[in-house]
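Notes for the structure review
Single-letter residue listing:
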Amino acid sequence: MRSPAAKTSLGLLADPEVEKLSASLERESVALMRADVALDGVRFDVGLASYLLASERRGHELEQVAAAELDVSLLSRESLSNPRRGVHLPLDELAPEQVSAYAGSHAGAVFALHDTLAPRLAEGPLAELYRDMELPLARVLVEMELLGVRIDLPRFERMSEEVRGELSELVERAHELAGGSFNVGSPRQLETILFDQMQLPVLKKTKTSRSTSHDVLTDLLLHPEVPEPARQLIEVVLEHRSLAKLEGTYLSALPKLVDAGTGRLRTRYNQAVAATGRLSSSDPNLQNIPIRSELGRRVRAAFVPEPGWKMLAADYSQVELRVLAHLSHDAALVDAYTRGADVHAQTATALFGVDEADVSREQRGAAKTVNFAVIYGQSEFALSRNLRIPRREARRYIQTFFERYEGVARFMDEVVEQARTRGYAETLFGRRRVIPDLRTKNRNLRAAAERVARNTPIQGTAADILKRAMVTVANELKGQGLSARMLLTVHDELVFEFPPEEQQALEALVEAAMAGAAELSVPLAVNLGVGESWGEAH
DNA sequence: GGACTCACG
DNA sequence: ACGTACGTGAGTCCC
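Along each chain, the written sequence defines residue order, and numbers are assigned to residues from 1. Labels follow written order: the first chain is A, the first ligand is 1, and so on. This being a predicted model, a pLDDT of at least 70 is required before a residue's local features are given, and a value of 80 or more before pairs of side-chain atoms are given or counted; all residues contribute to the totals for chains, interfaces and linings. Note that the side-chain values use all heavy atoms of the structure and ignore hydrogens as well as water.

1. A word on the environment of Leu121
Put simply, the test is: Strands are runs of DSSP state E lasting at least 2 residues, helices are runs of H or I lasting at least 4, and numbering of each runs from the N terminus. Two residues qualify as a contact provided that any one of their heavy atoms is within 4.5 Å of a heavy atom in the partner residue.
By the element assignment, Leu121 lies in the loop between α6 (96–117) and α7 (125–147). Separated by 130 residues in the primary sequence, Leu121 and Leu251 have C-alpha atoms spaced 44 Å apart. Beyond its immediate sequence surroundings of up to four residues, Leu121 is in contact with Ala49, Leu53, Leu126, Ala127 and Tyr130.

Structure, rendered in C-alpha cells:
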C-alpha cells in the first residue's frame, strides 16, 4: 500500500460539507483501503446505529437492517448473476441496468435507514456511545484489521509436524485399546465403542445421542467400576481431542491464512455481533488462541513482532469483579479492591473459615470459581458439577458468598427487577440489551433471561471500558507520534508491537489509558508484560 | 446444514 | 418433574 498521503480519495466523499452515510464503516473502509482508497468524513453508519438500538438482534448488515426496520428485501448480490452458486460476477461484467438496480436499492436503503435510525440516536447515552465510542472505534478496528499480526511460520510448521506425529501414535493406541479401527475424531463412533461395545454407563445424553463430551469422559474416569482398558482408551481420546483441536484450528489452519505480501495474519473485528457490547473476532478468530495448555502457550509464543521489535500485552486484572463492585456498591468488595486485597482469597476465607494467610491453592481456586459463578448467575446444581462437590455444599458456598457480599445480593435482585420493568438491561455507559423473556411463563426461559439480566451489565460495562481505552490508546499513539501499533484485542486485553526505544512511553500511555478508561469506585488495575512474542509478554 | 465438541474471556 | 453459567467462532462428522 502507498503512504497515506498518496492515497486517493473519492471526490464525493472528501467534501467535508456533504453528509456521508455508510452501511458499515468498518467493512467498507477495509474494502476500499485495500484498493488504496481512503474513506473519509463518514457521518453515519447504519450497522452501528442498528446495533446500538437493538443489540440483541442478530445481524446488522444493510440487508438485515432494511428488512427489520423498513420491511423491504434488497436485491441480493447473488440474484444479479448467479451463473454458478457462490460465484459473483464482478460488477463491471454485469448489465448496467442490473448494477443500477442493485446499487440504487442499497443506496436508497442507506438514506431511508438514516432517516429512521438517526433521530432515535439524536440524544441520550446511546447517542454518546455512538458518537464517542463506536464510530471512533470503527476507525481503530479498521487499522488493526489492515495491519494484521506477524506469525513465526517455521515455528508453526515444526509444531504442526510434531503434533501430527503424536496424533498418529494416539490413533494407533486407541485402535488397539478399542480392538479395532475407528475414527477417533468421530463422537458418533466413539459413542458406539464406549456405550455399546464397552457397556460404560451413560452419564449424559444430548438431543440425539449419548454425550462423549470432555465433562462426561472425565467423569467416567472418576467412576471406580470403569475397567482399565476403557480408562486407557478415554485418556487416549482426551489427549487426541486436545491435540487435534489445536492442530486443526490453529497449527495447520493459521499459516494458510498468512498474507504472502506482508507475512502477516489478519482477522476481522466484528463490532455489531455480541449482544453485550463485546467485540468478536472471526476469519480467523484470534480471540480464542490457546493459553491454558502447554501446547496452547506455545502457539501464543509463535505470534511475534516485526524483526527487532517487541510485544506488549496489557490486560485488566479481574475487570468484571471490579465492575461488579462498582455497580453493586458492595462494601466488602469495594473495600477489598480499594485495599488492593486478593478478592479470590477473601472469598475463600468466607467459604472455608480460614485466615487469608492460610488459604490453600485449591481453596482459592474454588473461591474463584464461585466468584465467577455469581457473575454468571450460576445455579447450585451447575456449581456442584463444576467443582465436583455435592449440591448442598454448592448451595452453602453460594449462600455464604451472598452473606459475605450482601450488596451483590441486593444488586442482583434490583438489576433483574429493573430489567423486567424496563424491558432491557443496561451497562454503566447506557448500552442497552432488550431481554424479552423476563416476563415469559416458561420457567427455564425466564431463569435464563434473568441470568442474562444479571450478567449483561457486568460483561457489557467491561466491554465498554475496553472500547474506551482502545480509542484513547489509538489517539495517544498518534498524538505522541509513536510507531508502536495496537494489534489485537481479546475482551480484557490489548496486544501491541513496538520498537524497543518506545517501551517506556508505550507502557505509560497504555497503563494510563486503560486504568483511566472509567472512573469507578474501585481502581482499575492493569497488568503489563513485555516479551519477544505474545506468549512471552504474558 | 445441524449437531457436537472445544478454543478463548 | 425438569433443567441447570454469560458471551463468542470454528472444525469435524454425518445426514
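2. Details of the protein's contact with DNA strand B
Test applied: Near residues are defined by distance, with any heavy atom within 4 Å of the molecule or strand qualifying the residue. N or O atoms within 3.5 Å of each other form a polar contact, as long as, within protein, one can give a hydrogen and the other can take it, and as long as residues adjacent in sequence are counted only when both atoms are side-chain atoms. Charged means Asp, Glu, Lys or Arg here, nonpolar means Ala, Val, Leu, Ile, Met, Phe, Trp, Tyr, Cys or Pro, and polar covers whatever is left, Gly included.
Taken together, 25 residues lie near DNA strand B, and Thr206, Thr208, Thr212, Arg241 and Asp492 sit nearest. The sugar and phosphate moieties of DNA strand B supply 81% of its atoms located within 4 Å of the protein. In this structure, Lys245 approaches DNA strand B through a side-chain N or O atom, which is 2.9 Å from a base oxygen. It is helix α11 (residues 228–251) that provides the largest number of residues to the surface near DNA strand B, a total of four residues. In terms of residue class, the surface near DNA strand B is made up of six nonpolar, 12 polar and seven charged.

3. Notes on the domain arrangement of chain A
As a reminder of what qualifies: Segment limits for the domains were obtained from an automatic or database-derived domain assignment. Buried area, as used here, totals the accessible surface that two parts lose on assembly, with accessibility defined by a 1.4 Å probe and the loss added over both. Salt-bridge detection follows one rule: a side-chain nitrogen of Lys or Arg within 4 Å of a carboxyl oxygen of Asp or Glu.
Under the domain assignment used here, chain A contains domain 1 (4–122), domain 2 (153–256), domain 3 (271–317 + 464–531) and domain 4 (320–460). The centre of domain 2, based on its C-alpha atoms, is set 35 Å off from the matching centre of domain 3. If you look at the interface, domain 2 gives 10 residues, while domain 3 gives 12 residues. Of the roughly 960 Å² buried at the junction of domain 2 and domain 3 (both faces included), carbon and sulfur atoms supply 74%. The largest per-residue losses of area from domain 2 upon contact with domain 3 belong to Met159, Leu246 and Tyr250, which jointly make up 47% of the total buried on that side. Our enumeration of links across domain 2 and domain 3 arrives at one salt bridge. The partner of Glu162 in a salt bridge is Arg298, with the nearest N and O atoms 3.1 Å apart. Inspection of the domain 2/domain 3 interface yields two residue pairs in polar contact (both at pLDDT 80 or more). Contributions of two or more residues to the side of domain 2 that touches domain 3 are made by α8 (153–178) and α11. Sort the elements by how many residues they give to the side of domain 2 that touches domain 3 and α8 lands first, with five residues. When grouped by side-chain class, the residues that make up the side of domain 2 that touches domain 3 number eight nonpolar, no polar and two charged.

4. Details of the packing of aromatic side chains
Heads up, the condition is: For Phe, Tyr and Trp, rings pair up if their centres lie within 6.5 Å, where Trp contributes its six-membered ring, and each pair is then called stacked (planes under 30 degrees apart), edge-to-face (over 60) or tilted (otherwise). Under the scheme applied here, a residue whose accessible area is under 20% of the maximum for its type counts as buried, over 50% as exposed, and between as partly exposed, the area being computed with a 1.4 Å probe on protein chains only.
Applying the stated rule across the entire model yields six aromatic pairs. Measuring from ring centre to ring centre gives 5.5 Å for Phe352 and Tyr397, while their planes differ by 85°; the resulting arrangement is edge-to-face. Here Phe352, found in helix α16 (residues 343–352), pairs with Tyr397, found in helix α19 (residues 391–404); they are 45 residues apart in sequence, far enough to count as distant. Taking relative accessible area as the criterion, Tyr397 reaches 5% and is therefore assigned buried. Taking the centre distance of 4.7 Å and the plane angle of 45° together, the rings of Phe401 and Tyr405 count as tilted. The same class applies to Phe401 and to Tyr405, which are both buried.

5. Here's the deal with the sheet that holds strand β9 (residues 303–304)
Inclusion rule: A pair of strands is labelled paired if DSSP reports no fewer than 2 bridges between them.
Read across the open sheet, the three strands follow the order β6-β5-β9; overall the sheet is antiparallel. Taken across any chain shown, the strands that pair with only one partner, and hence form the sheet edges, are β6 (264–265) and β9.

6. Structural notes on the protein's contact with DNA strand C
Taken together, the neighbourhood of DNA strand C is formed by 35 residues, with Ser186, Tyr376, Gln378, Asn386 and Arg433 sitting nearest. Taking Ser280, its side chain carries an N or O atom lying 2.7 Å from a phosphate oxygen of DNA strand C. Interatomic distance of 2.9 Å between a side-chain N/O atom of Asn285 and a sugar or linking oxygen of DNA strand C. Of all the secondary-structure elements, those providing two or more residues to the surface near DNA strand C are α9 (187–197), α11, β8 (280–282), α18 (380–387) and α21 (443–479). Looking at the surface near DNA strand C, the element that brings in the most residues is α21, giving six residues. Looking at side-chain class alone, the surface near DNA strand C contains eight nonpolar, 18 polar and nine charged residues.

7. Topic: unusual backbone geometry
Cis peptide bonds are those with omega within 30 degrees of zero, and the linkage from Asp283 to Pro284 qualifies with -5°. Tracing the chain through its elements places Pro284 in the loop between β8 and α13 (294–300). Its identity is not glycine, yet Asp71 carries a phi of approximately 60°, on the positive side. Within the secondary structure, Asp71 sits in the loop between α4 (62–70) and α5 (77–80). By relative accessible area, which is 69% here, Asp71 ends up exposed. Of note in the backbone geometry, Gln199 takes a positive phi value of approximately 60° without being a glycine. Note that Gln199 resides in the loop between α9 and α10 (214–222).

8. Here's the deal with the environment of Val99
Position of Val99 relative to the elements: it lies in helix α6. Separated by 235 residues in sequence, Val99 and Val334 place their C-alpha atoms 60 Å apart. Other than its neighbours up to four places away in sequence, Val99 contacts Leu91, Leu94 and Gly104.

9. Some thoughts on the nonpolar core
How we decide: Definition used in this section: a nonpolar core is a set of buried Ala, Val, Leu, Ile, Met, Phe, Trp, Tyr and Cys residues joined via side-chain atoms within 4.5 Å.
Counting 148 residues, the largest nonpolar core has Phe303 and Tyr316 as its most contacted members. No other element matches α21, which puts 12 residues into this core. If sequence neighbours within four positions are ignored, Phe303 has contacts with Val149, Arg150, Ile151, Phe156, Leu254, Leu265, Leu286, Ile289, Met311, Ser533 and Trp534.

10. Quick word on helix α14 (residues 319–328)
In terms of residue burial, α14 counts as a mostly covered element, since 10 of its 10 residues are buried. Taken together, the buried positions of α14 are occupied by Val319, Glu320, Leu321, Arg322, Val323, Leu324, Ala325, His326, Leu327 and Ser328. In this fold, the buried residues of α14 make contact with β10 (310–316), α15 (331–339), α16, α17 (361–376), α20 (406–422) and α21. One or two steps after α14, the chain reaches His329, where phi turns positive at roughly 55°.

11. Observations concerning the packing of α18 against α19
The packing of two helices is summarised by the inter-axis angle and the distance between the axes. How we decide: Axis lines are fitted to C-alpha atoms, over the contacting stretch for helices. Their N-to-C directions set the angle, which ranges from 0 to 180 degrees. Here the angle decides the label: under 35 degrees means roughly parallel, over 145 means roughly antiparallel, 65 to 115 means roughly perpendicular, and every other value means oblique. Left-handed describes a crossing whose near helix is turned anticlockwise from the far helix by less than a right angle; the clockwise case is right-handed.
Following both chains from N to C, one finds α18 and α19 inclined at 110°, their axes separated by 8 Å at the closest point. Accordingly, the angle class assigned to the pair α18 and α19 is roughly perpendicular. Remark: the crossing between α18 and α19 carries right-handed chirality. Every residue of α19 that contacts α18 at Glu380, Phe381, Leu383, Ser384 and Leu387 is listed here: Arg391, Ala394, Arg395, Tyr397 and Ile398.

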